[in-house]
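# Topology and contacts: notes
The primary structure of each chain is shown beneath.
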Amino acid sequence: MVELPYRIVDVFTDRPLAGNALCVVLAPAPEAIMPAIAREVNLSETTFVTQTGDSSYDVRIFTPTAELPFAGHPTLGTAWALGPGTWTQRSPGATVTVEVDERGGTMSQPDPTVTEVYPEDAARGLGLPPANARHAFVVEVGGTRHVLVATDHPLERLRFEHAALATAARAVGATGVGAMRLVGEAEVHVRLVVPGESSTFEDPGTGSAAGPVGMLARRLWGVGPDVRVRQGDEIGRPCRIDVHAEAGAVRVGGAVTACAEGVFRL
């Protein structure tokens, strides 16, 4: 029998059962069972700490259907679960520094690559009127890509069309497709969905997209460098993500809180 302790934490929130949930498996797990555990947990991501040093660790990041080279809320949640301090996290896509205290954490994030693309499929998939979707971008951080459409259309009115979202994501090898709208002096409302084979999942809080959102907010609307991202309200999992969007010094952070813990016995 293999015993694997785990913690479930909620990221980008200061209260349990909000934010973006994450399962952190704290002991090295056999690689063959990692995908099965992620499917069993069925959260947006599950992380597996494969090696830990005094101030560093290696991590693998899985959704219920795939492994990701890098992701934002799993980075913050994993470091927080390991305890306060300054951590160097190594994942297949990026090495980042995460500063953690009792309330939450902040991670450095590699500068995103940003490529402007034609917004037709993404806009149709998000239910955006063509006149309200003039700019779309493929952004990539640590090997994880998203399509982001800038709009002035209220995001509460989005209506997702799975086939068009899947086409938009597949065309550029993206994980997620989302919309962003400036809603305050330095606040950006974001909704981002992950199209699977037959259905679409709305992500409560997307840390890997938050840095690019901050950079694009500066480029499009002249705000920043400090920006707050609001995400997840429409699905009852409100997330608040703090971004410092400055080339060479992108930082993404937020509160983290404990929710549950236990042991897999396999």
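Above: the structure in question.
Values in this document were obtained by computation on a predicted structure and should not be read as measured data. (Residues numbered from 1 in each chain as written. Predicted model: local features only at pLDDT ≥ 70, side-chain atom pairs only at ≥ 80, totals over all residues. Heavy atoms only, no water.)

### Section: the overall build of the protein
Here is the rule: Only runs of H or I of at least four residues qualify as helices and only runs of E of at least two qualify as strands under DSSP, and these elements are numbered from the N terminus. In this setup the radius of gyration rests on C-alpha atoms only. A globule is expected at 2.2 Å times the number of residues raised to 0.38. Exposure classes here rest on a 1.4 Å probe applied to the protein chains alone. A residue is buried below 20% of its type maximum, exposed above 50%, and partly exposed in between. The accessible surface values rely on the Shrake-Rupley method and a 1.4 Å probe; as for residues, cover is taken only from the protein chains in view. Under the convention used here, Asp and Glu are negative, Lys and Arg are positive, and both His and the chain ends fall outside the count. In plain terms, the charge of a residue is placed at NZ if it is Lys, CZ if Arg, CG if Asp and CD if Glu.
Summing up its helical and strand segments, the protein has five helices and 17 strands in all. Scaling as 2.2 N^0.38, a compact globule of 266 residues should have a C-alpha radius of gyration of about 18 Å, and the protein matches this with 17 Å. Seen along its three principal axes, the alpha-carbon backbone of the protein occupies a region of about 60 × 40 × 30 Å. The burial tally for the protein puts 51% of its 266 residues in the buried class. Of the accessible surface of the protein, which amounts to about 11,300 Å², a share of 48% is contributed by carbon and sulfur atoms. Across the protein, 22 positive and 31 negative side-chain charges occur, with their mean positions spaced 4 Å apart.

### Some points on the layout of surface pockets
Put simply, the rule is: Buriedness of a pocket was judged along seven lines, with at least five required to meet protein on both sides within 12 Å; pockets are open sets of points on a 1 Å grid over the protein atoms alone, cavities are sets where a 1.4 Å probe fits but cannot get out, and lining residues have an atom within 4 Å of a point. Grid points are joined across faces, edges and corners, and a volume is the space filled by probe spheres set on the points. Side-chain classes follow a simple rule in which Ala, Val, Leu, Ile, Met, Phe, Trp, Tyr, Cys and Pro form the nonpolar group, Asp, Glu, Lys and Arg form the charged group, and the remainder, Gly included, forms the polar group.
Space inside the largest pocket adds up to approximately 770 Å³. Around the largest pocket sit 33 residues that line it, and Thr63, Thr65, Val194, Pro195 and Gly196 are the ones nearest its centre. Taken together, the residues of the lining of the largest pocket sort by class into 12 nonpolar, 17 polar and four charged. Approximately 210 Å³ is the volume found for the second largest pocket. Lining the second largest pocket, in full, are Ala131, Asn132, Ala133, Arg134, His135, Ala150, Thr151, Asp152, Arg181, Leu182, Leu220 and Trp221.

### Observations regarding the pairing of strand E8 (residues 104-109)
Short version of the rule: The pairing criterion for strands is at least two bridges between them, as found by DSSP.
Sheet topology places strand E7 (residues 95-100) next to E8; three bridges connect them, and they run antiparallel. Bridge pairing in E8 links Val100 to Gly105. Hairpin connection from E7 to E8: three residues lie between these consecutive antiparallel strands. Here six bridges tie E8 to strand E17 (residues 250-265), and the two strands are oriented antiparallel to one another.

### Thoughts on the nonpolar core
This is how the line gets drawn: Buried residues of nine kinds, namely Ala, Val, Leu, Ile, Met, Phe, Trp, Tyr and Cys, make up a nonpolar core once their side-chain atoms join them within 4.5 Å. Throughout, a contact is declared for two residues whenever any of their heavy atoms are within 4.5 Å.
Counting 45 residues, the largest nonpolar core has Val98, Leu148, Met180, Val188, Val213, Val229 and Ile241 as its most contacted members. At five residues, the largest contribution of residues to this core is made by helix H5 (residues 207-221). Once residues lying within four places of it in the same chain are set aside, the contact partners of Met180 are Leu148, Val149, Ala150, Thr151, Leu155, Val188, His189, Val190, Val213, Leu216, Ala217 and Trp221.

### Some thoughts on unusual backbone geometry
Here the residue pair Gly224 and Pro225 is connected by a cis peptide bond, since its omega of 10° sits within 30 degrees of zero. Summarising the element assignment, Pro225 is placed in the loop between H5 and strand E15 (226-231). Despite not being glycine, Phe12 shows a phi value in the positive range, around 70°. For Phe12, the location among the structural elements is in the loop between strand E1 (3-11) and strand E2 (20-25). Of note, the phi angle at Asn42 is positive, near 65°, even though the residue is not glycine. Residue class for Asn42 comes out exposed when judged on its relative accessible area of 54%.

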